[in-house]
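Observations on the three-dimensional arrangement
Residues per chain are reported as follows:
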Amino acid sequence: MSDTPYEDPYLIISSDCHAGLPTERYRPYLDSRFHDRFDEFLGQRDARREEATRLGIRNEAFAQKWFHDHEEGLRGGWETGQRLKELDGDGVAAEVVFPDADAVDSQTAAPFGVGLGLSGDQDPELGMAGAQAHNRWLAEFVGANPERHCGVALLPVTGEPAKVVAEIHRAKESGLGALMIPSMWVDRAPYHDRRYDPVWAAAAETAMPVVTHSGAAPRHEYGDHLGIYVSEVTWWPARPLWFLLWSGVFERHPGLRFGVAEAGCWWLPNQLWFMDRLYLGAHGGKKLSPFAELKRPPSEYLDRQVFVCATNTKRRELAQRYEIGVDNILWGSDFPHPEGTWPDTRNWLRNTFHDIPVGETRRMLGLAAAEVFGFDTAKLAPIARRIGPTPAELGQSADQTAVEASWARSREVGRHWLTDNEFPVLGVNP
């Protein structure tokens, strides 16, 4: 529970924002031996945009209007001064900075399509070259105001492990603070493979959380049916979670932190219930082999090492916060994407959090993210006092502080499946 008085502004940290150079400006950050291939990539830009438009993934008319209406603010995607102006306007003291989109908005695509579309089947050499170009630029970008930004390094993790580990250390030394891996490994080794253990160990050693982000999906299977894509796109970044969990990665590497970004958290309560019931010996799991890689229920690994960058957290998800765990939900604005809360974040927060206890709100809007990504809250406090909305501005009343301790009772209130009497009212215990 927060010790901060009710009147104090919120220290808000967005766990999901985006930045990227206009694509052609990555050239100075790219190894010169890849410049010819980079010219080919640039030459295909219009074709990629046309294909995205044909499939319905890109609405050209909407994209043009969004750019026209927000041209100045969108420069914050790569201009430091403009970015701080937009963050201040939203009341956001700090942010976690992911790469920008690829085919959907190719204006700021990282070289060779290794942005949010980062996939395990990309050419290892080109993939690493594109990732390093973005990482070099991003280190400069966040380095201008390091207390307000945590840069997420692109990590083509399915490549040669030694090179991947080297890039982790290089990214850390350059000032970046987290790692984004592909949500899909396609035809490469799945994430339960022990070949990745040096990578997980290096991430834990450097205290760099590993994160997946929605974007990649097997679009070639969907045809023109966009509804299929949007129904599955949040499943792919979540999938590595159970690969890491059941294969014992979290047990072998207790210092590793893993997160899922922009995939919501609506799927987690039932998924967690199902995994815990299997581990704890529910009838449906008795025929399965013992889960020898785990030493504790899945929910305990979740609380110890897993978080969800629950961008644009919805009311339905907040209603399930005790099952998910309040400290496991990290809010995000998705700046500067149109599906996010910018530039109307203050109103969005009021509509969403108006009846959530203040102590819980402080955790989900910033304090939990500060712990996961290593932000210095003492340095951010003056910024929060200057720009952050107060509980009163979000429509929260002072008497809500009386129930602020409720988030700490998630195991008693929300994780009811951990007791023998799972459904006492119905008398059903499957």
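All residue numbers here refer to positions counted from 1 along the written sequence of the relevant chain. Selection of residues for local features in this predicted model requires a pLDDT of at least 70, selection of side-chain atom pairs for listing and counting requires 80 or more, and totals for whole chains, interfaces and linings are taken over all residues. For side-chain calculations, the full set of non-hydrogen atoms in the structure is used, while hydrogens and water are omitted.

Naming follows an unreviewed UniProt entry, where the chain appears as Amidohydrolase of Streptomyces goshikiensis.

Along the backbone of the chain there are 19 helices and 8 strands. Burial classification: accessible surface area is computed with a 1.4 Å probe over protein chains only, and a residue below 20% of its type maximum counts as buried, one above 50% as exposed, and the rest as partly exposed. Counting all 430 residues of the chain, 57% fall into the buried class. Taking contacts inside the chain between residues at least 6 apart in sequence as the whole, the part at least 24 apart equals 78%. Only the protein chains shown count as cover for residues, and all accessible areas are computed by the Shrake-Rupley method using a 1.4 Å probe. Taken as a whole, the chain presents about 18,100 Å² of accessible surface, with 53% of it coming from carbon and sulfur. Going along the chain from the N terminus, every DSSP run of H or I of four or more residues is numbered as a helix, and every run of E of two or more is numbered as a strand. We call two residues in contact when some of their heavy atoms are within 4.5 Å.

Let's shift gears to the packing of aromatic side chains. Ring geometry is summarised as follows: Phe, Tyr and Trp rings, the Trp one being its six-membered ring, pair when their centres sit within 6.5 Å, and such pairs are stacked at plane angles under 30 degrees, edge-to-face over 60 and tilted between the two. One pass over the full model with this rule turns up 18 aromatic pairs. For the pair Tyr 196 and Trp 200, a centre-to-centre distance of 5.9 Å together with 35 degrees between the ring planes defines the contact as tilted. Both residues of the pair, Tyr 196 and Trp 200, belong to the buried class. Ring geometry for Phe 250 and Phe 258: centres 6.4 Å apart, planes at 45 degrees, overall tilted. Residue classification places Phe 250 among the buried positions, given a relative accessible area of 0%. According to the relative accessible area criterion, Phe 258 is buried, its value standing at 1%. Counting every residue linked through ring pairs, the aromatic cluster contains Trp 185, Tyr 191, Tyr 196, Trp 200 and Phe 243. Whether a charge lies above a ring is judged from NZ of Lys or CZ of Arg, which has to be within 6 Å of the ring centre and within 35 degrees of the ring normal. When the ring centre of Tyr 196 is taken as origin, the NZ or CZ atom of Arg 195, which lies over that ring, is 5.3 Å away.

Attention shifts here to the confidence of the model for the chain. Should the pLDDT be low somewhere, the predicted coordinates at that spot are not to be read in detail. Scored by pLDDT, the chain has a mean of 89; 87% of the residues are at 70 or more. Known as pLDDT, the predictor's per-residue confidence is scaled from 0 to 100. Counting contacts from residues 423–430, a segment whose pLDDT is below 50, to residues more than four positions away or on other chains yields 8 contacts.

It is worth spelling out unusual backbone geometry at this point. Looking along the chain, the bond that leaves Phe 335 and enters Pro 336 is cis, with omega of 0 degrees. Tracing the sequence through the fold places Pro 336 in the loop between strand 8 (329–332) and helix 16 (345–353). Along the chain, Trp 342 connects to Pro 343 via a cis peptide bond; the corresponding omega equals 5 degrees. Along the chain, Pro 343 turns up in the loop between strand 8 and helix 16. The backbone of Phe 112 shows a phi angle near 65 degrees, a positive value even though the residue is not glycine. Examined against the element boundaries, Phe 112 turns out to sit in the loop between strand 2 (94–98) and helix 6 (124–143). We note that Asn 312 has phi near 55 degrees; this positive angle belongs to a residue other than glycine. Tracing the backbone through its elements, the reader meets Asn 312 in the loop between strand 7 (306–311) and helix 14 (315–318).

Salt bridge, as applied in this entry: a Lys or Arg side-chain nitrogen positioned within 4 Å of an Asp or Glu carboxyl oxygen. Inspection of the entire model under this criterion finds 22 salt bridges. One salt bridge in this structure joins Glu 72 and Lys 85, with 3.0 Å as the shortest N-O distance. With Glu 72 in helix 4 (residues 71–74) and Lys 85 in helix 5 (residues 80–90), the pair connects residues that are 13 residues apart, well separated along the chain. Among the residues examined, Lys 85 registers a relative accessible area of 48% and is labelled partly exposed. Residues joined in a network through salt bridges with shared partners are Arg 194, Asp 197, Arg 252 and Glu 293.

Every α-helix winds through 3.6 residues per turn, so residues three or four apart in the chain are directed the same way. Taking 1.5 Å of rise per residue, the 12 residues of helix 12 (residues 268–279) would be expected to cover 16 Å, and the 16 Å separating its terminal C-alpha atoms lies within 8% of that figure. Along helix 12, the residues that are buried comprise Leu 268, Pro 269, Leu 272, Met 275, Asp 276, Arg 277 and Leu 278. Here the buried face of helix 12 lies against helix 10 (235–246), helix 13 (298–305), strand 7 and helix 15 (321–324). In the stretch just after helix 12, Gly 281 is the one whose phi turns positive, near 95 degrees. Residue count minus one, scaled by 1.5 Å, sets the expected span of a helix.

Following the sequence through the fold, Asp 197 ends up in helix 8 (residues 197–205). Not counting residues up to four positions away in its chain, the partners in contact with Asp 197 are Arg 252 and His 253.

Quick look at the nonpolar core now. By nonpolar core we mean a set of buried residues, namely Ala, Val, Leu, Ile, Met, Phe, Trp, Tyr and Cys, connected to one another through side-chain atoms within 4.5 Å. Core analysis: the biggest nonpolar cluster contains 115 residues, and Tyr 191, Trp 200, Phe 250, Phe 353, Phe 373 and Phe 375 have the highest contact counts within it. Of all the elements, helix 6 adds the most residues to this core, at 10 residues. If near-sequence neighbours (up to four positions away) are discounted, Phe 373 is found in contact with Val 96, Cys 150, Ala 178, Pro 209, Val 211, Phe 307, Cys 309 and Leu 330. Judged by nonpolar contacts, the second largest core, of 7 residues, contains Met 184, Ala 217, Val 233 and Trp 236.

Across the sheet, 8 strands lie side by side as 1-2-3-4-5-6-7-8; this open sheet has parallel pairing. Strands at the two margins of the open sheet, each flanked by one partner only, are strand 1 (13–18) and strand 8. Across the sheet, the mean angle separating the axes of adjacent strands is 25 degrees when strand polarity is ignored. The sheet contact formed by strand 4 (residues 178–180) and strand 5 (residues 210–213) spans 2 bridges and is parallel. Across the sheet, Met 180 pairs through a bridge with Val 211, a residue of strand 5. To get an axis, a line is fitted to the C-alpha atoms, and for a helix only the part in contact is used. The angle between two axes follows their N-to-C directions and goes from 0 to 180 degrees. Sheet strands touched by helix 17 (residues 358–373): strand 1, strand 2, strand 3 (149–154), strand 4, strand 5, strand 7 and strand 8. Its angle to strand 8, the strand with the most contacts, is close to 110 degrees. At least two bridges found by DSSP between two strands are what make those strands a pair.

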